[in-house]
Amino acid sequence: QVRLVESGGGLVQAGGSLRLSCAFSGIISVINAMAWYRQAPGKERDLVARIRSGSTMNYADSVKGRFTISRDNAKNTVYLQMNSLKPEDTAVYYCNAEILVGGLVHNDWGQGTQVTVSS
């Protein structure tokens, strides 16, 4: 399967920035899109940002204008640049690979990385 290894989480003050990285390996030719999700305690896991093979990007309304997703194919890595962080952004962030097999979408997940934003 596709393996996802995340890094870059940590503690930052409100207004600061972090960049998350997700290195992917395996049969990468089956990846249709990469995405970042996040989940706060007691909350659902929600989509933060997605980038498709054609570089089409979409974002949750709560992060538009602050977060940027990008992909470096040479390094097999997807990034999430997070600026102007707010305490509400505190969550575990998960890297997601959307796999297209026979026209059907499957999902692989990273282990998650904690992002904590202090007020």
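The structure we're discussing is the one just above.
Since the structure is predicted, the reported quantities are computational estimates derived from the model, not experimental observations. (Residues numbered from 1 in each chain as written. Predicted model: local features only at pLDDT ≥ 70, side-chain atom pairs only at ≥ 80, totals over all residues. Heavy atoms only, no water.)

Okay, the pattern of salt bridges next. This model, assessed by the stated rule, comprises four salt bridges. Here Asp-89 makes a salt bridge to Arg-38, at a shortest N to O gap of 2.9 Å. Taken together, the residues span a long stretch of sequence, with Asp-89 in the loop between β8 (77-82) and β9 (91-101) and Arg-38 in strand β4 (residues 31-39) at a distance of 51 residues. The buried category is assigned to Asp-89, whose relative accessible area is 1%. On the basis of relative accessible area, Arg-38 is assigned to the buried category, the value being 14%. A salt bridge links Arg-50 to Glu-98; the shortest N-O distance between them is 2.5 Å. Linking Arg-50 in strand β5 (residues 46-52) with Glu-98 in strand β9, this pair joins segments that are 48 residues apart in sequence. (Salt bridge = Lys/Arg side-chain N within 4 Å of Asp/Glu carboxyl O. Helix = DSSP H or I, 4+ residues; strand = E, 2+ residues; numbered from the N terminus. Buried < 20%, exposed > 50% of the residue type's maximum accessible area, 1.4 Å probe, protein only.)

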